[in-house]
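Here is what each chain is made of, one letter per residue.
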Amino acid sequence: MTTEQDRVLIFDTTLRDGEQSPGATMSHEEKLEIAQLLDEMGVDIIEAGFPIASEGDFEAVRAIAEQAKNAVICGLARASTTDIDRCWEAVKHARRPRIHTFIGTSPLHRDITALDQAGMIERIQATVAHARNLCDNVQWSPMDATRTEHDYLCRVVETAIKAGATTINIPDTVGYTAPRESAELIAMLRERVPGADTITFATHCHNDLGMATANSLAAVEAGARQIECTINGLGERAGNTALEEVVMALKVRNDIMPWRTGIDTTKIMQISRLVAAVSGFPVQYNKAVVGKNAFAHESGIHQDGMLKNAQTFEIMRPEDVGLASTSLVMGKHSGRAALRAKLSELGYELGDNQLKDVFVRFKALADRKKEVYDEDLIALMQESVAGGEDDHLQLKRLRVVCGTDGPQEAELTLAVGGEEKSIDATGDGPVDATFNAIMMLYPHDALLELYQVHAVTEGTDAQATVSVRLARDGRVYTGQSSDTDTVVASAKAYLNALNKLHLFAGRADNAALMQSAG
Ligand code: KIV
Ligand code: ZN
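Draft legend 1. Quick look at empty space enclosed by the protein. In the structure shown here, the tally under the stated rule is two cavities of 30 Å³ or more. Of the pockets and cavities examined, the second largest cavity occupies roughly 70 Å³. What lines the second largest cavity is simply Thr146, Ile170, Asp172, Thr177, Ser182, Leu185, Ile186, Thr203, His204, Cys205 and Ala219. Of all elements in the fold, only β6 (167-172), α8 (179-192) and β7 (200-205) reach the threshold of two or more residues within the lining of the second largest cavity. Of the residues in the lining of the second largest cavity, the class split is five nonpolar, five polar and one charged.

Here's what the structure looks like:
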C-alpha cells in the first residue's frame, strides 16, 4: 500500500538548467515540444525557464504555461521583486503555477552579493513573502547549500518557510557533495528547522564528480520528496541529475528504495532522443538507461546468456523505457499503415498530413537503403522536426566533385526566401566546399563551433546524422539532419542551424520595431 510519503515528485529543469549549458540553446517551438512530452509522461513540475533572462525565455515560459495540461509550471527568479514579478507574469497563465526564487547563501556567494548574514536574511524574508503574495506555490533555493555553514543554512531555510515557501530546494550547485553527506544534510534540516514538517524538501544535484544520481537518491532516503533533474543529465558543466537514472533506479530497486514516481517510463527513450536532437548534445553510447549500448549485448558469453534467459544480464526490459524489442523493421514494400503502426510503437502518433509527408521521405530512404531500422525511422522523424516547407533556406540541389587531387568542388542550388540561387565553390574536402557555397549564397558572420557526424546504424549504406552548432552574439543555434549521403546531411544540418538563426534575427527585429513603436 502506498501513501503520499511513498511518492517522490519529479521536477524537470531541462528547459532551464539544461538549456543553460553552453551550446544547448533551444528554439521556442522546440521548448514547447519538449514541455508537451514532459507533461504527457507525468513529470510533476516543469521548470520552463528564467523569464527575466530574455524576451525569448519569457515568451517560452508563458507559452508552456498556457499549453500545460497537468504539470505544475515553474519559472526561476533571483531574489529581487523585479525578477519575481516578471516570473509571475509568465507562469500565471498555467493551471498550476509556481515561482522558484533563489539566492546564493554560502560565504563565497555572500561576498559576491555584498550582503552580510543578517542582510541576506532580510532579503530572503522580503522576496519570498513577495512571491507568496502573488502565488500560493513558492519554491525557494539557497544556492550552493552544500557549502553553506549548517547553522546559517538552518536560519535561512527557517526564514523562507516562515515567509511562505512551500518547497525548499537544497542545491549542490557545484557537484561537491557525496551520498552520505547529501542524506545527512537533509536529515539535519528536517530535524533542526522549525516548520520543516510543513514543507517539501527537494534535492538538486550537479554531476561534477559523477555522483548526482547517488546524491539525489540518498537525499530521498533522508526525507527529500522532490528530485530536480534533466533529460539525459543535460546541464551546466557536467550536467544535472539524469531524470531517466533516478526514475529507473526507483523502479528497478523498489525493493530497497520504496518510493514511486508518476513517470510513464515507456516515454523515456522518446524524450531522450528529442532532447538530444534539439540540444545538439548526443547521448554517450554507454550512458545509463538511454545510451545506444545500454541494452546491447555483444560478447559471446552475454549473448548466450541472453538467449537462454534475458534476466541473466538485463535488470530492466528495453520495453520499460520505450525501446522496441526488434530492430529490423521495414523496407520499400512496406505500406503507409505499417509505417503508422511502427512509428506509433516508437512513440510517434502522427496525424494524416504528417504521415503523408513522413511516408514520402520513408519511401525515398527505402529506395536508397535496403533495410530500414528503428533508428532510421527515428532519424527520419527528427528530420521532420528539424526542417519544414516554410524554412527560409531550403536545399534544392547539391553535387560534389571529389578526388585525390583536390580541391573538391560543390555545385549548390538553394531556395533563399523562395528564390532559387545557384553557385559553385571549392574547399578543402566536400563538406568544406559545400559550406563555402552556402556561405556565398547566404553570407553571415556566425561562427561554426561544432560539426559532428554519427552513423545511425551499421553498414556502408547507413544514414549519417550530422550536428552543427553556430554561435553569434552570445547565442547558439544548433542544426541536425540525417541522410545516407554524409555531405547532403551536412548541408541540411548547416541550413537547419542557419534557419534558426534567421528566425531569431527576424524575431529580434520585430521586438525592436515594437519597442520603437511603443
Ligand atoms: O544549481 C543551482 O544551484 C541552481 C539553482 C538556481 C537552484 O540551479
Ligand atoms: Zn543547478
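Still to come is the rest of the account.
Draft legend 2. View of the domain arrangement of the protein. You can read the domains of the protein as domain 1 (7-279), domain 2 (326-385) and domain 3 (393-510). The gap between the C-alpha centroids of domain 1 and domain 2 is 37 Å. Tallying the contact residues gives five residues for domain 1 and six residues for domain 2. Carbon and sulfur atoms make up 55% of the area that domain 1 and domain 2 hide from each other, which totals about 490 Å². There are zero salt bridges connecting domain 1 and domain 2. For the pair domain 1 and domain 2, the number of links is zero residue pairs in polar contact (both at pLDDT 80 or more). Broken down by element, the side of domain 1 that touches domain 2 gets its largest block of residues, four residues, from helix α11 (residues 268-279).

Draft legend 3. Structural context of the environment of serine 490. Along the chain, the position of serine 490 falls in helix α17 (residues 486-517). C-alpha separation for the pair serine 490 and methionine 143, spaced 347 residues apart in sequence, amounts to 41 Å. Leaving out residues up to four positions away in the same chain, serine 490 has contacts with Val431, Phe435, Tyr451 and Val466. A distance of 2.7 Å separates the side chain of serine 490 from the backbone oxygen of threonine 486, its partner in a polar contact.

Draft legend 4. The arrangement of the side chain of threonine 413 in detail. Mapped onto the elements of the fold, threonine 413 is located in strand β12 (residues 408-416). Within the local environment of threonine 413, its side chain forms a polar contact with the side chain of serine 422, the two groups lying 2.8 Å apart. Not counting residues within four places of it along the chain, the set of residues in contact with threonine 413 comprises Gln394, Leu395, Lys396, Arg397, Glu420, Lys421 and Ser422.

Draft legend 5. The coordination of the zinc ion (ligand 2), seen in detail. Looking at the zinc ion (ligand 2), the protein donor atoms are Asp17 (OD), His204 (NE2) and His206 (NE2), and they sit 2.0 to 2.1 Å from it. All donors of the zinc ion (ligand 2) belong to a single chain; written as a sequence motif, their spacing is D-x186-H-x1-H. The same class applies to histidine 204 and to histidine 206, which are both buried.

Draft legend 6. How the structure looks around the packing of helix α9 (residues 212-221) against helix α10 (residues 243-252). At a minimum axis separation of 10 Å, α9 and α10 run at an interaxial angle of 50°. Put simply, α9 runs oblique to α10. The handedness of the crossing between α9 and α10 comes out as right-handed. Note on element contacts: α10 touches α9 through Glu245, Val246, Ala249 and Leu250, opposite Thr213, Ser216 and Leu217. Of the residues that constitute the contact of α9 with α10, the class distribution is four nonpolar, two polar and one charged.

Draft legend 7. Geometry of the packing of aromatic side chains. The tally for this structure, following the rule as stated, stands at four aromatic pairs. Aromatic side chains phenylalanine 435 and tyrosine 451 sit 5.9 Å apart centroid to centroid with 90° between the ring planes, which places their arrangement in the edge-to-face category. Of this pair, phenylalanine 435 sits in helix α16 (residues 430-441) while tyrosine 451 sits in strand β14 (residues 447-455), placing them 16 residues apart in sequence. For tyrosine 451, a relative accessible area of 32% corresponds to the partly exposed category. Members of the aromatic cluster, connected to one another through ring pairs, are Phe435, Tyr451 and Tyr494. Note that arginine 110 overlies the ring of tyrosine 152, its terminal NZ or CZ placed 4.7 Å from the centroid. Directly above the ring of tyrosine 285 sits lysine 292, whose terminal nitrogen or CZ lies 5.8 Å from the centroid.

Draft legend 8. Local environment of the nonpolar core. Core analysis: the largest hydrophobic core is formed by 91 residues, its most contacted members being Trp140, Val157 and Ile168. Looking at this core, the element that brings in the most residues is helix α7 (residues 150-163), giving eight residues. One finds Phe435, Ala446, Tyr477 and Ala497 within the second-largest nonpolar core, a separate group that totals 24 residues.

Draft legend 9. Structural view of helix α3 (residues 55-67). With 13 residues, α3 should reach 18 Å at 1.5 Å per residue; the first-to-last C-alpha distance of 18 Å fits that figure. Buried residues in α3 make contact with α1 (14-18), α2 (28-40), β2 (45-49), β3 (72-78) and α4 (81-91).

Draft legend 10. Spatial organisation of the packing of α4 against helix α6 (residues 117-134). At a closest axis distance of 10 Å, the pairing of α4 and α6 adopts a crossing angle of 20°. As far as their axial angle goes, α6 and α4 are roughly parallel. For the pair α4 and α6, the sense of crossing is right-handed. Seen from α4, the contacting residues are Thr81, Ile84, Asp85 and Trp88; seen from α6, they are Thr127, His130, Ala131 and Leu134. Of the residues that constitute the contact of α4 with α6, the class distribution is four nonpolar, three polar and one charged.

About the thresholds
Residues numbered from 1 in each chain as written. Chains lettered and ligands numbered in written order. Predicted model: local features only at pLDDT ≥ 70, side-chain atom pairs only at ≥ 80, totals over all residues. Heavy atoms only, no water. 1 Å grid on protein atoms, 1.4 Å probe; cavity = no way out; pocket = protein on both sides within 12 Å on 5 of 7 lines; lining within 4 Å. Points joined across faces, edges and corners; volume = space filled by probe spheres on them. Helix = DSSP H or I, 4+ residues; strand = E, 2+ residues; numbered from the N terminus. Nonpolar A, V, L, I, M, F, W, Y, C, P; charged D, E, K, R; others polar. Domains from an automatic or database assignment. Contact = heavy atoms within 4.5 Å. Buried area = accessible area lost by both parts, 1.4 Å probe. Salt bridge = Lys/Arg side-chain N within 4 Å of Asp/Glu carboxyl O. Polar contact = N/O pair within 3.5 Å; in protein donor to acceptor, adjacent residues only side chain to side chain. Donors = N, O, S within 2.8 Å, 3.2 Å for Na, K, Ca; no water. Buried < 20%, exposed > 50% of the residue type's maximum accessible area, 1.4 Å probe, protein only. Axes fitted to C-alpha atoms, helices over the stretch in contact; angles between N-to-C directions. Parallel < 35°, antiparallel > 145°, perpendicular 65-115°, else oblique. Left-handed = near helix turned anticlockwise from the far one by under 90°. Phe/Tyr/Trp six-rings, centres within 6.5 Å; stacked < 30°, edge-to-face > 60°. Lys NZ or Arg CZ within 6 Å of the ring centre and 35° of its normal. Core = buried A, V, L, I, M, F, W, Y, C linked by side-chain atoms within 4.5 Å. Expected span 1.5 Å × (residues − 1).

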